[in-house]
Every structure is written in C-alpha cells, then in structure tokens.
Amino acid sequence: MKNIAIGMSLVVFGTPAVLLGQEVPTGDAVISQIWTEGMERSQTYRLAQVLLDSIGPRLSGSPGQAAAIDWAMSVYEGLGIPVRRERYGTWTGWERGVTHMDLIAPRVRTLEAIMLAWSPGTDGPVEGDVVIVPALSSATDVDAWLPSARGRFVLLSPPEPTCRADQEWEANATAQSFERMKTARDSARQDWFSRFRGPWARGLVERIEQAGAVGIVTSRWSGGWGVNKIFSAQTQQIPTVDVSCEDYGLVYRLTEFSQGPRLRLNAQSRFLGDVPVFNLIGELRGTELPGEYVVLSAHFDSWDGASGATDNGTGTITMMEAMRILKLAYPRPRRTILVGHWGGEEQGLIGSRAFTEDHPEVVEGLQAAFNQDNGTWRVEYIKMQGLSKAGGNFGRWISMVPEEIKQHIELDLPGIPERGGSDHMSFLCHGAPGFRLQSSYPEYRQYTWHTNRDTFDKIVFDDLKNNATLAAMLAYLASEDPERVPRDRRVLPPDAQGRSQTWPECSPARRSAN
C-alpha cells in the first residue's frame, strides 16, 4: 500500500477501505475497459515512433511544429474525435539545417556541436582561430579587446574541469578528491562570471558581432555524461554553436595554452518571417454538463537540440492515448472532456495562457485540468496545489484506480501552489483546479530536460502506457463526479525566508516574439 501525505497526517490506500470518509466503490465497468484498452492494447509506441522519429522536434515557429500539428489532427480525425487548431499569435519562423564543426589545427577532430535555436547560419563553411574573452573591468577594456575578436570564434562559456557526473565522483573518488574538484570548479566559475558583471558587459554579444567575429561558441553542460542544455541564440548576424562539454574543454585548453586551435564550421538555417502558431484542441462533448470541463493538458512544442522526447513528447503521447482510450471506453462523457496540446510552453506557457484568456468559460466551468510535462517514468506524485478541499475529490478518484497504478502515487494535500513550471499554472493562477501528474524529476532534469539527449530511446513504454491509462481514468472519474472540485484556497505558510506568500498571479500571454 502507498502512504498518502495530507499535511502532517497520513491516509493509506487499500481496497476495499474507507478513504476521506468515503466508501471505496469497486467493480466499475468503464475503469475495467480503460485498463484493458490502455494496458493491453496500448498504441503509445506507434504514436511516439512517428512523432519523435519521423517528425522530430517541435520548436515554436518551425516547420516541425507545423508538421506535428497536422499529424496529430489526422490522428484525432481518424479516431472520430472532433479537433481544431486555435491560433493564439505569431512567432519567429526558423528552420534548422545541418551543423558541422571541425577542429582543423593543431590536429583534426570532428566536434560534437549543434547550432542554437534561431541562430543565423553561415554562407558555406567558414574558418577561424579561437579567442577567449579575457578579464574585463571597464568599457575601455572592452574597446581595447574587441579588435582581437575579428575573424575568430569567441568562446563565451567557462570550461568544466571534469565532464564526469558528480554522482560518479561521489561513488568512486575519495572524499578529499571530490571536494578539491568542487572547490576548484566553483572558483573557476566565479572567476569566469565576474568577467561579465559590469555595466560595460551589456550588449557584449552584439558588439562581438559588430567587431567581425566568425561565430560564438558556448557550452552549457547539464551535469551528466555527454549532455548539454540546448536553448536559443542571442546573435543576430553570426552563428552561435553549442559544443559538448568534452570538446569545448579541448578547444578552450588549446586556446588557453596558445596551441593554435583553428575551427571550421558549416551551419545552415533559414528564417521564415513571422508565422502563425496554434494550440490544438480535441473534444468529447459532455452529454449532461457540456458547460463543465475536464482538461487533459500537455505542451506540444519543444526545444530542438534532440527529438523533444521526454519534454514533452511523452506528455503529448500520454494525452493522445488517453483520448483514444476514452473515445472507446467512455465516448459520451457527463462533462465535456478537452485535450489541449499547447504551443509556446517553452517561451513562457504562452499557448495555455492564451487559451485561458480566450476561453473564460472553460476556466469558469473547469472541474479539473490534468497536466503531464516531465519526462518518462510513471506518475508518482500529485499535489493539490493549495486547493484546500480538492483532496476529497481526488481521494474518491484515486480510490477507483487499480492498485497496480495507484500503489506508486503519493498525494500531497493540500500542498502549495507552484510559481511556474508548466501549463497547469495557466489554470491555477485563476484559482481553477489545475494539477500536475508528476513523475520522478532528478534524472530527467539532468539528462533529458532541454538537452541534446532527449530522444526516443529514453522513453520507458511500460510507464508511458501506465500514465496514459491513469490520465484516462482520472478524466472519466472527474467527469462523472457528482461534486465540483472546490476552489477554496489554503492560507499559505511563510516561505523558507519567513516571507508571506500570495497566490500566483496570471501573466498576460505573449502573442508574438517581438
């Protein structure tokens, strides 16, 4: 059995049992059908293979994002589920081409490198020597140094003393060796970032471009073997390329010790102007309470350093599969069930925020929104986000879920509302019941969240079908619940610094990149 935290008290799941004052019902035919369809006839592998292998990453404003929306629409239409695009604004259209970078002196080595999103490309291969930004303490220092960037690649990240994960050091090194490494690393990072703290540092990247640099080279190590975070470029005229921790360290040391490193880069990209961006909304119309809503929620966009598999391909597939299951097992829901595949989450929850602005009737009539957005592994933690009485509904719902699924789940009642994170916040900031179906986070954060390793092979399909089945069951149970989820808010305790906390506020949706 799984212990469920309720503030400082515990509730233990069992079957049959009494949970939160409610007798646990058993033998539900729809739950049984959802289980059979989700766990024994799962389509998660086929859906994920097409989305992640054939279509790939879904950067906002990219052709990949547009192709993914077209594909998902065709899937829903094939299932007989009404589906629509909803335009929420525009974004900078950009298409990635190849990135190829070589060290060509003092020896030859092909580097693991990738252009950052929305980076300009090159006009064919370009070559250049390498320069490190020195310690600069004034505008005069900057002016004196900038001519040395002309015709060169500029290194703009600190080097890592080791690209071996900390957990490997902790497990295998002596304690003294591990501490010496961390001390040296912390000192080197502080020294590096001190170079960019003065007012003279503002606009430095733009000035490097204007000085005639060939390109910017960065490395944002994610703390694990071969893994870097891949975000967006600041440059407008020259390419910005991320290089792996290992290869960046090589180039940095060669430069630092004046051993004549020279790089060759061929980076292709294409800007497409401002392009329309969309949310994708599927719907199973309610038969008794069509003006009340259950929302299955996941963002469709991704960064594009890899395939966007666990951020948020897995959440996308979870909700697509849940809708497929519901169409077969529960085609005439009591309340309207919507699925929202949001755009622009990576730019600040833009798509879901726009949806709540454009559809106040859904916010007003929301029974519950269930959002999934953190990688593979099974759902194991759901908090009530500070809604003090929502645990009564959740207790009834979870009590109906088969033991094989619910044994892993911990409920945090009443919980604390989050301050950011993902698309459930677009509902919660209005006080509407938005919940996150949380999976294990640390490995995801280290290895696949926004990285060059977020690929199909990282998915655990037993857990993915578990999550899709759970989402379908929760949607069914929330739809059928005779009681609305209360919106009472708990009195929030002080934060860790003793400061008063307030309910998170809604920010306006950003409707364009400009």
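Structure shown above.
Provide a residue-level description of the nonpolar core, including the pertinent values.
Within the largest apolar cluster, 70 residues are counted, with the highest numbers of intra-cluster contacts made by Leu296, Leu326, Phe370, Phe394 and Phe435. Apart from the residues within four sequence positions on either side, Leu326 is in contact with Ile34, Leu284, Leu296, Pro331, Ile337, Ala472, Ala475 and Tyr476. Counting 36 residues, the second largest nonpolar core, distinct from the first, contains Leu59, Leu111, Val241 and Ala509.

I'd like a description of the environment of Trp303, backed by residues and values.
Looking at where Trp303 falls in the secondary structure, it is placed in the loop between β13 (289-299) and α9 (309-329). Sequence-wise, Trp303 and Gln347 are 44 residues apart; in three dimensions their C-alpha atoms are separated by 9.9 Å. The residues contacting Trp303, other than those within four sequence positions of it, are Pro57, Leu59, Ala117, Trp118, Ile230, Phe231, Ser232, Glu346, Gln347 and His450. At a separation of 3.5 Å, a polar atom in the side chain of Trp303 contacts the side chain of Glu346.

Summarise the sheet that holds strand β19 (residues 438-439); cite the residues concerned and give the values.
In space, the three strands of this open sheet follow the order β17-β16-β19, with mixed pairing throughout. Strands at the two margins of the open sheet, each flanked by one partner only, are β17 (410-412) and β19.

Tell me what's going on with empty space enclosed by the protein, and back it up with residues and numbers.
Counted under the stated rule, the structure contains one cavity of 30 Å³ or more. Estimates place the volume of the largest cavity at around 50 Å³. Forming the walls of the largest cavity are Ser302, Trp303, Asp304, Gly305, Ala306, Gly308, Asp311, His450, Thr451 and Asp454.

Give me the lowdown on the pattern of salt bridges, citing residues and values where you can.
If you walk through the whole model with that rule in mind, you get 30 salt bridges. Its salt-bridge partner being Arg109, residue Asp247 comes within 2.9 Å of it at the nearest N-O pair. Placement of Asp247 in helix α8 (residues 245-256) and of Arg109 in strand β6 (residues 109-111) is noted, with a sequence separation of 138 residues between them. Accessibility expressed as a relative area gives 3% for Asp247, which makes it buried. With a shortest N-O distance of 2.9 Å, Asp457 and Lys458 are connected by a salt bridge. On the basis of relative accessibility, which here comes to 54%, the residue Asp457 falls in the exposed class. A residue is classified by how much of its surface remains accessible, and Lys458, at 27% relative accessible area, is partly exposed. Residues joined by salt bridges that share partners form a network here, namely Glu37, Arg41, Glu321 and Arg324.

Residue-level account of helix α10 (residues 350-358), with values.
Of the residues making up α10, those classed as buried are Ile350, Gly351, Ser352, Ala354, Phe355 and Thr356. On its buried side, α10 packs onto β5 (83-105), β12 (262-284), β14 (335-342), α11 (360-364) and α14 (425-428).

Can you tell me about the packing of helix α2 (residues 44-55) against α9, naming the residues and giving the values?
Remark: α2 packs on α9, axes separated minimally by 10 Å, with the N-to-C direction vectors making an angle of 135°. What the angle tells us is that α2 and α9 run oblique. The handedness of the crossing between α2 and α9 comes out as right-handed. Every residue of α9 that contacts α2 at Thr44, Leu47, Ala48, Leu51 and Leu52 is listed here: Ala309, Gly313, Thr316, Ile317, Met320 and Glu321. In the contact of α2 with α9, the residues fall into seven nonpolar, three polar and one charged.

Hey, could you go over the pairing of strand β10 (residues 215-218) for me, with residue numbers and the actual values?
Burial along β10 is two-sided: Gly215 and Val217 facing one way and Ile216 and Thr218 facing the other are all buried. For strand β9 (residues 152-155) and β10, the ladder comprises three bridges, and the chain directions are parallel. Among the inter-strand pairings, Leu155 is bridged to a residue of β10, identified as Val217.

Mind laying out the layout of surface pockets, listing which residues take part and the relevant values?
Space inside the largest pocket adds up to approximately 700 Å³. Every residue lining the largest pocket is counted, 32 residues in all, and those nearest its centre are Leu156, Ser157, Thr218, Arg220 and Gln234. Mapped by element, the contributors of at least two residues to the lining of the largest pocket are α6 (175-193), α7 (204-210), β10, β11 (240-243) and α8. In the lining of the largest pocket, the residues fall into 16 nonpolar, eleven polar and five charged.

Criteria and thresholds
Residues numbered from 1 in each chain as written. Predicted model: local features only at pLDDT ≥ 70, side-chain atom pairs only at ≥ 80, totals over all residues. Heavy atoms only, no water. Core = buried A, V, L, I, M, F, W, Y, C linked by side-chain atoms within 4.5 Å. Buried < 20%, exposed > 50% of the residue type's maximum accessible area, 1.4 Å probe, protein only. Contact = heavy atoms within 4.5 Å. Helix = DSSP H or I, 4+ residues; strand = E, 2+ residues; numbered from the N terminus. Polar contact = N/O pair within 3.5 Å; in protein donor to acceptor, adjacent residues only side chain to side chain. Pairing = 2+ DSSP bridges. 1 Å grid on protein atoms, 1.4 Å probe; cavity = no way out; pocket = protein on both sides within 12 Å on 5 of 7 lines; lining within 4 Å. Points joined across faces, edges and corners; volume = space filled by probe spheres on them. Salt bridge = Lys/Arg side-chain N within 4 Å of Asp/Glu carboxyl O. Axes fitted to C-alpha atoms, helices over the stretch in contact; angles between N-to-C directions. Parallel < 35°, antiparallel > 145°, perpendicular 65-115°, else oblique. Left-handed = near helix turned anticlockwise from the far one by under 90°. Nonpolar A, V, L, I, M, F, W, Y, C, P; charged D, E, K, R; others polar.

Read these as spatial facts, not as claims about activity.
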